[in-house]
Amino acid sequence: MSTQALSTDQAHGVEHLLGHADDSLVLAQRLGEWISRAPELEEDIAIGNIALDHLGVARALYTRAGELEGEGRGEDHFAMSRPEREYRNLLLVEQPNGDFAQTMVRGLFFDAYQVELGEGMAGADDAEIAGIAGRALKEARYHLLHSSTWVIRLGDGTEESHRRAQESVDRLWRYTDEMLEELTPSRRQSWGQVVGGALHEATLQVPADPYQRSGGRRGLHSEHLGPLLAEMQWMQRSYPGLRW
Amino acid sequence: MDAAQLSGAAMVTVAVPPGLERARLAAGQVVDPEIPVVTIADLGILRDVALVGGRVVATITPTYSGCPAMAQIEDDLRLALTEAGFDQIEVVTIQDPAWSSDWVTEEAREKLARFGIAPPSPAGEVLCPRCRAASPHEVSRFGSTACKALMVCTSCGDPFDRFKEY
C-alpha cells in the first residue's frame, strides 16, 4: 500500500493520491451521465448520491495531494487543468457506462476494490488521509451493497438480464488486474472472495480468457477518457483561470 | 465547547474571552441547510470554534464525502459570525477523525423525530416518526440527501426519511 511510500517518499505519495483521486473523479463523472436516465427514480437518486460520494473523495484527496506537494496547486488545478496523459486513473473507471448491468458490474469491481483500499489507507500515518479513507470506506461498503445486490438480481434474473450481466463481466474483467496489482496478496484474495461470491450467487462466470489490459496508472488511457475530460474541462480550457 | 456549559460564576474564574463566547454562540446557532431543525453543532459537523489573535477559526467536518451542503454551511457560518461582529473569519474543513452518526446529540435525535425523520439508531431499531410503529419497509437505501434512506411505514403507510447510521 501507498502508506509506506507516503512516509518515505513524498513525491511517490502525491502521485499515488492523485491516482486514487482521479479514479474517484472519473467514476463520479461517468455516474453523473446516468442522472435523469436511470431505469427508475430511486436508482437515479442512488447513482447520483454515489457519484457525489466519489466526487467528495476526489476533492479531499486532490486537496491533500496539493498540500503535500507544496506547490500551491489545488483541486481545481488537478481536476480541470491536467491533460489526459497526466491523469492516473484506472482504465476500469473510464469505461463507458454501457447499459445498467455494465454500470453495476463496474461498480461491483470498483466498490470491492475501494473497500480493500480504504481498509488499508484508514491506517495511514497521515491523519488527514486516514480520515478521508475512513469516511470513504464506510461509503464504499454502502456502494458495494448496492452494486452487488443489483449484479445478483440481474445475473440471477431473466434470460435477458443474465445475458447482459454476463457480457458486462466479460467486457470489464480485463481491467481488474491493473486495479488489483496495487493491493497486498491478502487484500487481493479478499476482493476475489467478495466479487467471486457475488458472481457465483448471480450465476455469472469469470471469463476464461486471461487477456488483461493496463496503463491507466502510467497515463496511457483507452480512447474513452479524452472525450470525458473534454466535456468536463471545456470551460477552463476555453477561459483559463475562470472563477465562478 | 465546555466553556459554554459553565455557570456564570465559573466563567469568571476560567476567564473565557468574551469574544470567544460570542463566537461560539453565533456558530452554535447555524442550522443544517438541508435539515433546518437541527444545528450543525447538534449533528457533530461543527468541531471547534477558537479565537486566534483577532480571528475566529471555525472548524467543520463533512458528514459524507459528497455532502453538497458544505459550501453552504461555510457561507452560513461566515454570515452568522459576521452578524455577531467579527470581521476576520476562517472556516477550516478537517477530514480526521471521520464523522460518525454517533456524534448526533440526543437532543438532535428528538428534533429529527419530531420533524419526521427517523434518527440514526445504533441498535438498528427504526420507528415510524408518525405512528411510532416498528419494522418499516426500506424503499431505497439512498434518500433525498446523502445521509438519509427512504422508508415506508408498514403500519400507517406513511413514507419517511431515515437518517442512516454511519
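Just so it is clear, the model here is predicted, and its values are computed rather than measured.

Asks: Summarise the overall build of chain B; cite the residues concerned and give the values.
Replies: The helix and strand tally for chain B stands at six helices and seven strands. In sequence order, the secondary structure elements of chain B are arranged as α-α-α-α-β-β-α-β-α-β-β-β-β. Its C-alpha atoms put chain B at 55 × 35 × 25 Å along the principal axes. Restricting to contacts in chain B with at least 6 residues of sequence separation, those with at least 24 account for 50%.

Asks: How would you explain the overall build of chain A if you had to name every residue and give the values?
Replies: Looking only at helices and strands, one finds 11 helices and zero strands in chain A. Ordered by position from N to C terminus, the α and β elements of chain A give α-α-α-α-α-α-α-α-α-α-α. Relative to a compact globule of 244 residues, whose C-alpha radius of gyration would be 18 Å, chain A shows 18 Å and is just as compact. Across the 244 residues that make up chain A, the buried fraction comes to 47%. A separation of at least 24 residues holds for 75% of the contacts in chain A among residues at least 6 apart in sequence.

Asks: Got a sec to walk through the domain arrangement of chain B? Specific residues and values, please.
Replies: All names here are of chain B. What the domain assignment lists for chain B is domain 1 (2–99) and domain 2 (105–163). Taking only C-alpha atoms, the centre of domain 1 and the centre of domain 2 are 27 Å apart. At the junction of the two partners, domain 1 supplies 10 residues and domain 2 supplies 10 residues. The residue makeup of the side of domain 1 that touches domain 2, split by class, is six nonpolar, two polar and two charged.

Asks: Help me get a handle on the interface of chain A and chain B, residues and values and all.
Replies: Residue-level contacts link 23 residues of chain A with 17 residues of chain B. Secondary-structure elements contributing two or more residues to the side of chain A that touches chain B are α3 (41–69) and α7 (127–155) of chain A. No other element matches the 13 residues that α7 of chain A contributes to the side of chain A that touches chain B. Class assignment of the residues belonging to the side of chain A that touches chain B gives a composition of 12 nonpolar, five polar and six charged.

Asks: Which residues make up the sheet that holds strand β1 (residues 46–52) of chain B, and what values do they have?
Replies: Residue and element names in this part refer to chain B. Strand order in this open sheet of three strands is β1-β2-β3, and the pairing throughout is mixed. The outermost strands of the open sheet, each flanked by one partner alone, are β1 and β3 (89–93). Each neighbouring strand pair of the sheet contributes to a mean axis angle of 20°, computed without reference to strand direction. In this sheet, β3 lies alongside strand β2 (residues 55–60) in parallel orientation, the contact comprising five bridges. When the sheet's bridge partners are listed, V57 is paired in β3 with E90. Packing of helix α3 (residues 18–28) onto the sheet brings it into contact with β1 and β2, and relative to β1 it is tilted by some 150°. Contacts from helix α5 (residues 70–83) reach β2 and β3 within the one sheet, and its direction differs from that of β3 by about 155°.

Asks: Give me the lowdown on the environment of P62 of chain B, citing residues and values where you can.
Replies: Mapped onto the fold, P62 of chain B is located in the loop between β2 and α5. In this structure the C-alpha to C-alpha distance between P62 of chain B and R78 of chain B, which are 16 residues apart in sequence, comes to 17 Å. Residues in contact with P62 of chain B, not counting those within four places in the same chain, are G56 of chain A together with C67, M70, T93 and W99 of chain B.

Asks: Requested: an account of helix α6 (residues 100–121) of chain A, with residues and values cited.
Replies: Note: α-helices contain 3.6 residues per turn, so residues at a spacing of three or four share the same orientation. The terminal C-alpha atoms of α6 of chain A lie 30 Å apart, and with 22 residues this matches the ideal 32 Å at 1.5 Å per residue to within 8%. Counting buried residues in α6 of chain A gives 19 out of 22 residues, a clear majority hidden from the surface.

Asks: Go over the packing of α3 of chain B against α5 of chain B, please, and point to the residues and values.
Replies: All names here are of chain B. Where α3 meets α5, the closest approach of the two axes is 9 Å, and the angle between their N-to-C directions is 140°. One way to sum up the angle between α3 and α5 is to call them oblique. Along this stretch, α3 crosses α5, giving a crossing that reads as right-handed. Residues A23, A26 and A27 of α3 touch α5, and the partners they reach there are L77, A80 and L81. Split by residue class, the contact of α3 with α5 holds six nonpolar, no polar and no charged.

Asks: Go over the nonpolar core, please, and point to the residues and values.
Replies: Nonpolar side chains tend to gather and get buried jointly when the protein is soluble and globular. One finds A21, L61, L92, V105, F109 and V151 of chain A together with A27 of chain B to be the most contacted residues of the largest nonpolar core, which totals 106 residues. Mapping this core onto the domain boundaries places at least three of its residues in each of domain 1 (2–99) and domain 2 (105–163) of chain B. Among all residues touching V151 of chain A, those that are not within four sequence positions of it are M104, V105, L108, A165, A198 and A202 of chain A.

Asks: Report on the pairing of β1 of chain B, specifying residues and quantitative values.
Replies: Across six bridges, β1 of chain B lies against β2 of chain B in antiparallel orientation. Bridge pairing in β2 of chain B places A50 of chain B opposite V57 of chain B.

Asks: So, the pairing of strand β6 (residues 148–152) of chain B: which residues are in play, and what are the values?
Replies: If a strand is regular, its side chains alternate between the two faces of the sheet. Residues and elements named next belong to chain B. Two strands pair when backbone bridges link them, and strand β5 (residues 137–140) and β6 are joined in this way by three bridges, in the antiparallel orientation. Directly across from H137, in β6, lies its bridge partner V152. The sheet contact formed by β6 and strand β7 (residues 159–163) spans five bridges and is antiparallel. Paired with V152 across the two strands is P159, which belongs to β7.

Asks: Break down the sheet that holds β5 of chain B for me, citing the residues and quoting the values.
Replies: Residue and element names in this part refer to chain B. If you trace the four strands from one edge of the open sheet to the other, you get β4-β7-β6-β5, paired in mixed fashion. At either end of the open sheet lies a strand with only one pairing partner, and these are β4 (117–118) and β5. Of the pairings in the sheet, the one linking β4 to β7 comprises two bridges and is parallel in character. For A118, the partnering residue across the bridge sits in β7 and is R162.

Criteria and thresholds
Residues numbered from 1 in each chain as written. Chains lettered and ligands numbered in written order. Predicted model: local features only at pLDDT ≥ 70, side-chain atom pairs only at ≥ 80, totals over all residues. Helix = DSSP H or I, 4+ residues; strand = E, 2+ residues; numbered from the N terminus. Contact = placed C-beta atoms within 7 Å. Rg over C-alpha atoms; globule rule 2.2 N^0.38 Å. Buried ≥ 20, exposed ≤ 12 C-beta atoms within 10 Å, placed from the backbone. Domains from an automatic or database assignment. Nonpolar A, V, L, I, M, F, W, Y, C, P; charged D, E, K, R; others polar. Pairing = 2+ DSSP bridges. Axes fitted to C-alpha atoms, helices over the stretch in contact; angles between N-to-C directions. Expected span 1.5 Å × (residues − 1). Parallel < 35°, antiparallel > 145°, perpendicular 65-115°, else oblique. Left-handed = near helix turned anticlockwise from the far one by under 90°. Core = buried A, V, L, I, M, F, W, Y, C linked by C-beta atoms within 7 Å.

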